[in-house]
Amino acid sequence: PVLEGLYMESAPVGPAIYQLQSEVSRHPSSPLARFPSGSLDPDLAAKHMNFLYANEVLIRNSETYQAMSANTLFSQVANAEPFYVFKLNNFNSHLVDLVDVAKTPLHWLPQKGWMEASFQWFRSRQKFDSELPVFYDGAATVLAAPAASAQIVNLTMTRHSISWRTNALGAAHLVRMAWHPRWKLATKGSLFMAGPGFMLVVPDEADVRLEYGHTTLGIGGMLASVLAMLILLVLLWRDWRGYPSTAPTASASSHSAEMAWPRHWLAALWPLLLLAAGLWFHLNNPERLYGNAWELMRANQHLDAAAGFDRAFAARKSDAKKEEALFWSAKAFELAGKHDMALQRYSLLSANYHGYWLAESLYTQAQLEKAAGMFQQTAKTAQRLLQEFPNDRWAQRWRQEIKP
């Protein structure tokens, strides 16, 4: 078992893989701004490794080594200092597995924004354990529950195909390989994208075969490339046959240079429009607004910084960047003593986002609710923090603070 690709260019499961990497690392790389990674969490890493079809992990950090050594879900199998290899105990996933929809119901979601929705599902303990998202714009497919005796046999994989035999017709088969539009179901049935970017097959016949072929767009691109090459060759041949024997005169070159730029005043309008558009986009650039807010934050002008972070929050597009701006707006209001304004933003973040800043936001939100006498809401917020992030430093800090 191995994870298929690490970068966004190689597989759509990149966000999930980087999330897993952060769960077995003291210093995660977190290269994807849209998908901020988590923190060291061997318990969640064990679940994610089993789901992603990976059973071994190589580590080198001493703190990570201590956490993995103390965890009963892993066993050390090799070492060559400073590197250590741990193997996942009770590893039971396969390249192709049946999905028991009675235990793990499918959650049908639209394809638009699928990667963000998939990442939120993958990070959430509750959602990850209770459902499997399937991204499809049509009507939800009615699936058959696999029988207790259902099994998958004769699994074969070549460079351009995957095939197997099943006796669970109409049931969901999860293929733990990155979905791509070039994958086509060559046998009767349906093919969907599910989970962190895997393939889900619902077969209508016992012998199932997936083939990695070409899309209509890809074929069109190849034909266009061939046509462009033919046109280029024809033009080169024509120019070679009609190449002039004498060089153009100086007067002809001067006349061509004079005619290269229109003389009408409207000809200068488009560069001015481009300059005006560039200036507008520069002044309203979300990252510029965010950077200016941080300058105010460092100067301890917290109220002005909060307003700047609010503007950056409104202008940013991706959920991860909006969450980041919203968090620092809440923190700036908190530092300015405007706890009601801070609590509004922490509550908005915890209700709508599930990224890097959620654990700290839940912790601070619970603190502010407790200080405001909102004890019932405090208990709910703290319970969510402890359930979703049991091993996070903010959950550990809350446990220490509530000890008598």
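Our structure's up above, just so we're on the same page.
Reference entry: report on the structure contained in this document. (Residues numbered from 1 in each chain as written. Predicted model: local features only at pLDDT ≥ 70, side-chain atom pairs only at ≥ 80, totals over all residues. Heavy atoms only, no water.)

## Observations concerning the side chain of Arg123
Here is step 1: Mapped onto the secondary structure, Arg123 falls in helix α4 (residues 114-123).
Here is step 2: Buried Arg123, no salt bridge; nearest opposite-charge side chain is Glu323, N-O distance 6.7 Å.
Here is step 3: Looking at Arg123, its side chain comes within polar contact range of the main-chain oxygen of His354, at 3.4 Å.
Here is step 4: Apart from residues lying up to four places away in sequence, Arg123 is in contact with Gln19, Pro36, Ser37, Gly38, Leu44, His354, Gly355, Tyr356 and Phe389. (Helix = DSSP H or I, 4+ residues; strand = E, 2+ residues; numbered from the N terminus. Buried < 20%, exposed > 50% of the residue type's maximum accessible area, 1.4 Å probe, protein only. Lys, Arg positive; Asp, Glu negative; His and termini not counted. Salt bridge = Lys/Arg side-chain N within 4 Å of Asp/Glu carboxyl O. Polar contact = N/O pair within 3.5 Å; in protein donor to acceptor, adjacent residues only side chain to side chain. Contact = heavy atoms within 4.5 Å.)

## Re the packing of helix α13 (residues 358-371) against helix α14 (residues 375-388)
Here is step 1: Contact pair α13 / α14: the axes reach a minimum separation of 8 Å and the direction vectors enclose 160°. Relative to α14, the element α13 is oriented roughly antiparallel. When the axes of α13 and α14 are compared, the crossing they make is left-handed. Side by side, α13 and α14 meet where Leu358, Ala359, Leu362, Tyr363, Gln365, Ala366, Glu369 and Lys370 of the first sit next to Phe375, Gln377, Thr378, Thr381, Ala382, Arg384, Leu385 and Glu388 of the second.
Here is step 2: Taken together, the residues of the contact of α13 with α14 sort by class into 8 nonpolar, 4 polar and 4 charged. (Axes fitted to C-alpha atoms, helices over the stretch in contact; angles between N-to-C directions. Parallel < 35°, antiparallel > 145°, perpendicular 65-115°, else oblique. Left-handed = near helix turned anticlockwise from the far one by under 90°. Nonpolar A, V, L, I, M, F, W, Y, C, P; charged D, E, K, R; others polar.)

## Describing the sheet that holds strand β2 (residues 74-80)
Here is step 1: The strand order β1-β3-β2 describes an open sheet built from 3 strands, whose pairing is antiparallel. Two strands close off the open sheet at either side, each with one partner strand: β1 (56-59) and β2. In this sheet, neighbouring strand axes are inclined to one another by 25° on average, regardless of whether the strands run parallel or antiparallel.
Here is step 2: As paired elements, β2 and strand β3 (residues 83-88) share 6 bridges and run antiparallel to each other. Bridge assignment links Ser75 to a residue of β3, and that residue is Lys87. (Pairing = 2+ DSSP bridges.)

## Describing the pattern of salt bridges
Here is step 1: This structure, assessed with the given rule, holds 14 salt bridges.
Here is step 2: Arg316 is the partner of Glu287 in a salt bridge, and the nearest nitrogen-oxygen pair spans 2.6 Å. Residue Glu287 is located in helix α9 (residues 286-298), and its partner Arg316 is located in the loop between α10 (302-315) and α11 (319-335); the two are separated by 29 residues in the primary sequence.
Here is step 3: We classify Glu287 as partly exposed; its relative accessible area is 33%.
Here is step 4: Take Arg316: its relative accessible area is 5%, and that puts it in the buried class.
Here is step 5: Bridged by salt links that share partners, the residues Glu287, Arg316, Lys321 and Glu324 form one connected network.

## Here we look at the packing of α13 against helix α15 (residues 393-402)
Helix packing for two helices is described by the angle between their axes and how far apart those axes are.
Here is step 1: Their axes nearest at 9 Å, the elements α13 and α15 cross at an angle of 25°. It follows that α13 is roughly parallel to α15 by the angle criterion. Of α15, the residues touching α13 (which contributes Ala359, Glu360, Tyr363, Ala366 and Gln367) are Trp394, Arg397, Trp398 and Glu401.

## Quick look at the packing of aromatic side chains
Here is step 1: Tallied over the entire structure, the rule returns 26 aromatic pairs.
Here is step 2: The interplanar angle of 80° and the centroid separation of 5.0 Å between the aromatic rings of Phe327 and Trp328 together place this pair among those described as edge-to-face.
Here is step 3: On the basis of relative accessible area, Phe327 is assigned to the buried category, the value being 0%.
Here is step 4: Under the relative-accessibility criterion, Trp328 is labelled buried at 17%.
Here is step 5: Ring centres of Trp328 and Trp357 lie 5.6 Å apart, and the angle between their planes is 70°; on these two criteria the pair is classed as edge-to-face. Of this pair, Trp328 sits in helix α11 while Trp357 sits in the loop between α12 (339-352) and α13; the two residues are 29 residues apart in sequence, bridging distant segments of the chain.
Here is step 6: By relative accessible area, which is 14% here, Trp357 ends up buried.
Here is step 7: Pairwise contacts between aromatic rings join Tyr290, Trp294, Phe309, Phe327, Trp328, Tyr346, Tyr356 and Trp357 into one cluster. (Phe/Tyr/Trp six-rings, centres within 6.5 Å; stacked < 30°, edge-to-face > 60°.)

## A few points about α14
Here is step 1: Compared with the 20 Å implied by 1.5 Å per residue over 14 residues, the 20 Å span of α14 between its first and last C-alpha is a close match.
Here is step 2: Those residues of α14 not exposed but buried are Thr378, Thr381, Ala382, Leu385 and Glu388. Relative to the axis of α14, the buried residues are bounded by an arc of 145° and lie together on one face. Facing away from the buried surface of α14 by more than 90 degrees, the exposed residues are Gln376 and Lys380. (Expected span 1.5 Å × (residues − 1). Arc of directions from axis to C-beta.)

Purely spatial values, then, with no claim about function.
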